[in-house]
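# Summary of structural features
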Amino acid sequence: MINRRASISLIAALPALLTLPALLALPVGVVHPAQASTAGDRAAAFIKATGAKLVAAINATSGSPAQRRQVVGEIIGSTVDVDGVARFCLGRFWRTATPAQQQQYQSLFRTMLIVNIASKLGDYQGVTFTVGATQDREAGEIVSTVIARPNNAPTNIQWLVANATTDPKIIDVIAEGTSMRLTQRDDYASFLSQHGYSVDALIAALHNQLSQAG
Amino acid sequence: MPPAHHPRLTLAAMLLLLLGPLLGCATPPPANDPEAVADFNEANDPLEPTNRVLYKINDGLDTILLRPAALTYQAVVPEPVRTGVHNILSNLNTPVQLGNDVLEAKPRRAGDTTMRFLINTTLGVVGIFDVAKKLGYPNHDTDFGLTLALWGVPDGPFLFLPVLGPSNPRDAVGRGVDIVADPFTWVGKGAAVTALNWSRYGLTVLDERSQYLDAIASIKKTALDPYATFRSLYRQHRRAEIEAARNDDRGTVPVWFPQPQTTPKN
């Protein structure tokens, strides 16, 4: 990145969301040697295995969109705590939603996640990733990886893994310092505040978005 | 040259004039809804109605002007040339970068910046090639907003600036200070210099925008409230950048000298 002062992109001085090589060089994963315990090791191994599965899915792009979605759905189903992430993203509105709304919302959230990821797979042809250090956090283990794509600056991605020693599940992805679940929660919260805090309005909007995504 | 004739300063003045009449404030939620009030405070966006108007204007300008320009830039100019342009622009920012490294009391970063300038300006042919990176002097982002943050200045409420995009009072002030502190703002005069300054400015816009084509398109497609998403991303990214600078305590001991024990920390 250059020249932040002059970074006057219109909507987006919105700097450096995804490709900020400078940050990569910084000591993201400084680990206590004593704490590089089994939890960290297991989380790292889990991310390595999950990454390998995703890379395999990416390289097998011969499938139709529907097939790709099925593969992505299977990988996500077994490696991501989708329902937990969905609850997190709805924030305080989860408690006030009716069971029917909760169910509808969670199912939409899962579909959205799969459709969004499946539609981006094509952009990741030739991707490689390296697993770096792990850090212990309250919410789980943070596993740092560097994602390299042809013709793109390497991207620093961190994975938050819960229950690393028992039933490891990804609960957040942090790209260059920006947490996906936090961003999503802020997006929903703002939408809800603009629509009378109506969970039904949110569900309708998600439906609408999904139908446009085809 | 009087300051107002400088492209970037002229622009800054225009922005201030534009901003004035648009000021409007967000209405806080009723006090009997403590959770809504907590959300409102957390968003820390008291100028939200104004900010949203400016976001819409910027977004419109982006759609008809910047995005097409960036797409054309990407399609017409070959990748190696674009990288060279990026590197030259980055090299031109060295004086400001070095000043901030020093003010932040980050000797290793200041050393990186100095070596990058010396190596890339010579071996890298006026900055076209980033040779220094391969030699172990990586680039890093910094600006006066970040320096202020390390000095303990809080960011303040969210601001969406015309043309410049997401910001806050601290970072906006920092941006102004960086412009004034940039020797290239003051060096030389005459039509040629003005033209060069505008070229640098225009290329910076193209360079940055073309790097975020995919990211911005995908946010606008998947976010229910793109404005709030950009707000959230800006803040998170900024925080991460500040923390990265704060935790960059690499020593300045030469490689051939016995290295001090690195103290692990979390």
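Just above sits the structure.
Description of the structure in this document. (Residues numbered from 1 in each chain as written. Chains lettered and ligands numbered in written order. Predicted model: local features only at pLDDT ≥ 70, side-chain atom pairs only at ≥ 80, totals over all residues. Heavy atoms only, no water.)

### Description of the overall build of chain A
Let me state the cut-off plainly: Numbering goes from the N terminus for both helices and strands, where a helix is a DSSP run of H or I of at least four residues and a strand is a run of E of at least two. A contact between two residues is defined here by any heavy atoms of the two lying within 4.5 Å. Accessible surface is estimated by sampling points in the Shrake-Rupley manner with a 1.4 Å probe; for residues, cover comes only from the protein chains shown.
Scanning chain A from N- to C-terminus turns up eight helices and five strands. Starting at the N terminus and walking to the C terminus, you meet the elements of chain A as α-α-α-α-α-α-β-β-β-β-β-α-α. Partitioning the intrachain contacts of chain A with sequence separation of at least 6 by distance along the chain shows that 56% fall at a separation of at least 24. Total accessible area on chain A is roughly 9,300 Å²; 55% of this is exposed by carbon and sulfur atoms.

### As for the side chain of A:Gln106
Residues and elements named next belong to chain A. In plain terms, the rule: Exposure classes here rest on a 1.4 Å probe applied to the protein chains alone. A residue is buried below 20% of its type maximum, exposed above 50%, and partly exposed in between.
Relative to the assigned elements, Gln 106 resides in helix H6 (residues 99-120). Exposure remark for Gln 106: the relative accessible area of 15% places this residue in the buried category. Excluding residues within four positions of it along the chain, Gln 106 makes contact with Asp 83, Ala 86, Arg 87 and Trp 94.

### Quick word on the packing of helix H4 (residues 82-90) of chain A against helix H7 (residues 180-194) of chain A
Residue and element names in this part refer to chain A. To keep things clear, this is the line we draw: Axes, fitted as lines to C-alpha atoms, cover a helix only where it is in contact. Angles between the N-to-C directions of the axes lie from 0 to 180 degrees. In this scheme, roughly parallel covers angles under 35 degrees and roughly antiparallel covers those over 145, while 65 to 115 is roughly perpendicular and the rest are oblique. Take the far helix as the reference: if the near one is turned anticlockwise from it by less than a right angle, the crossing is left-handed, and if turned clockwise, right-handed. Gly counts as polar in this scheme, as do all residues outside two lists: the nonpolar Ala, Val, Leu, Ile, Met, Phe, Trp, Tyr, Cys and Pro, and the charged Asp, Glu, Lys and Arg.
Where H4 meets H7, the axes come as close as 7 Å, and the angle between the chain directions of the two elements is 45°. Of the possible angle classes, the one that applies to H4 and H7 is oblique. In terms of crossing hand, the pair formed by H4 and H7 is right-handed. Across the interface between the two elements, Val 85, Phe 88, Cys 89 and Leu 90 of H4 pack against Arg 181, Leu 182, Gln 184, Arg 185, Tyr 188 and Leu 192 of H7. Its residues assigned to classes, the contact of H4 with H7 shows seven nonpolar, one polar and two charged.

### Details of helix H3 (residues 65-79) of chain A
All names here are of chain A. Quick reminder of the rule: Here, expected helix span is obtained from the residue count minus one, scaled by 1.5 Å.
Taking 1.5 Å of rise per residue, the 15 residues of H3 would be expected to cover 21 Å, and the 21 Å separating its terminal C-alpha atoms lies within 8% of that figure. When we look at burial in H3, the residues that qualify are Val 72, Gly 73, Ile 75, Ile 76 and Thr 79. Of the surrounding secondary structure, the elements contacted by the buried residues of H3 are helix H2 (38-59), H4, H6 and strand E4 (169-175).

### Here's the deal with the nonpolar core
We apply this condition: Put simply, buried Ala, Val, Leu, Ile, Met, Phe, Trp, Tyr and Cys residues joined by side-chain atoms within 4.5 Å make one nonpolar core.
In this structure, A:Tyr105, A:Phe109, A:Tyr188, A:Leu202 and A:Leu206 are the most contacted members of the largest nonpolar core, which totals 46 residues. Non-local contacts of A:Phe109, meaning those with residues more than four positions away in its chain, are made with A:Val82, A:Val85, A:Ala86, A:Cys89, A:Gln184 and A:Tyr188. Among the nonpolar cores identified, the runner-up in size contains 12 residues, and B:Leu54, B:Ile216, B:Phe230 and B:Tyr234 belong to it.

### Some words on the packing of aromatic side chains
Residues and elements named next belong to chain A. Selection rule: Ring pairs shown here join Phe, Tyr and Trp side chains whose ring centres sit within 6.5 Å, with only the six-membered ring taken for Trp; geometry is labelled stacked below 30 degrees between planes, edge-to-face above 60, and tilted in between. For a ring to carry a charge above it, either NZ of a lysine or CZ of an arginine must fall within 6 Å of the ring centroid while also lying within 35 degrees of the normal to the ring plane.
By the definition in use, this model includes 11 aromatic pairs over all chains. Between Phe 93 and Tyr 197, the aromatic rings sit 5.8 Å apart at their centres with planes inclined by 20°, giving stacked as the arrangement. Taken together, the residues Phe 93 in helix H5 (residues 93-96) and Tyr 197 in the loop between H7 and helix H8 (199-213) connect sequence positions 104 residues apart. Lying across the ring of Trp 94, Arg 87 places its NZ or CZ 6.0 Å from the centre. Just above the ring of Phe 88 sits the side chain of Arg 185; from NZ or CZ to the centre is 4.4 Å.

### With respect to the sheet that holds strand E1 (residues 128-136) of chain A
Residues and elements named next belong to chain A. Operational definition: Here, strands pair whenever DSSP counts at least two bridges between them.
Ordered by their spatial adjacency, five strands build an open sheet running E1-E2-E3-E4-E5, and the pairing between neighbours is antiparallel. Both edges of this open sheet fall to E1 and strand E5 (178-179), since each of them pairs with a single strand only. As paired elements, strand E2 (residues 141-148) and strand E3 (residues 155-162) share seven bridges and run antiparallel to each other. Bridged to Val 143 within E3 is Trp 159.

### Quick word on unusual backbone geometry
Backbone geometry places A:Tyr197, a non-glycine residue, at a positive phi of 55°. In this structure, B:Val126 takes a positive phi of about 45° despite not being glycine. Looking at the secondary structure, you find B:Val126 in the loop between helix H6 (107-122) and helix H7 (131-134). Residue classification places B:Val126 among the exposed positions, given a relative accessible area of 53%.

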